[in-house]
Each structure stands twice: as C-alpha cells, then as structure tokens.
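So the chains spell out like this:
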Amino acid sequence: MKSPVVKRSIVIAGHKTSVSLEDAFWEALKEIAGGRRLTLSDLVATIDSARTQGNLSSAIRLFVLDHYRGVATAARAQGAAERISVASPPVA
C-alpha cells in the first residue's frame, strides 16, 4: 500500500532539506504560495523562521490549517454581513 506521505526536497535559505507531507498539504502550500506571490521555498522559509517548536513538517501542516481556518472565518463573517444588509431596511 502506498503511503499518503510524500517526502520532497526543498531549498530553504540556501540549504537543502527534506520535508514529508501528505499530497493535500503540498497542494495547499503551493496554492497559498501562489496567492501570496511567493515561491514555495520562500513560504516554507517564512514558516520555518516563525516556528518555535516541533519539526518543519508539523509547522507546515499547522500553517496550512491556520490559513484555511482564517479563510473560513472570513467567509462566515462576510456571509453574516451580507445577510444583515439584506435583512435590514434601508436607512432614510
């Protein structure tokens, strides 16, 4: 059976390292990097420099989770604001 975890090499601040992540996390990380107009290496370097403990793979997973939680929270807030504006009568 094939493992869902994929090990890839990446260059961070000029140093080559390997990171093991599930394909879904690699794809999400690429999407986030593209949205921020960063290279994958630059985004991973940022994550690496901000982590206070744990390994890099865990830090990346938590970063991706936090990113999409923020997206979901923003979408809920926008949906609530739209429902309020539709339900509220115009102010004269």
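Here, the structure is the one placed above.
Because the structure is predicted, anything quoted here is derived from the model rather than measured. (Residues numbered from 1 in each chain as written. Predicted model: local features only at pLDDT ≥ 70, side-chain atom pairs only at ≥ 80, totals over all residues. Heavy atoms only, no water.)

(A) Focus on the nonpolar core. By size, the foremost hydrophobic cluster in this structure holds 18 residues, and its most contacted members are Leu29 and Ile60. Taken together, the elements giving at least two residues each to this core come down to strand S1 (5-12), strand S2 (15-22), helix H1 (23-35), helix H2 (40-50) and helix H3 (56-87). Residues contacting Ile60, with those up to four places away along its chain left out, are Val19, Leu21, Leu29, Val44 and Ile47. (Core = buried A, V, L, I, M, F, W, Y, C linked by side-chain atoms within 4.5 Å. Buried < 20%, exposed > 50% of the residue type's maximum accessible area, 1.4 Å probe, protein only. Helix = DSSP H or I, 4+ residues; strand = E, 2+ residues; numbered from the N terminus. Contact = heavy atoms within 4.5 Å.)

(B) How the structure looks around the environment of Lys7. For Lys7, the location among the structural elements is in strand S1. Since its relative accessible area comes to 61%, Lys7 is described here as exposed. Apart from the residues lying within four places of it in its own chain, the contact partners of Lys7 are Ser18, Val19 and Ser20.

Note that all results are geometric; they support no functional claim without further evidence.
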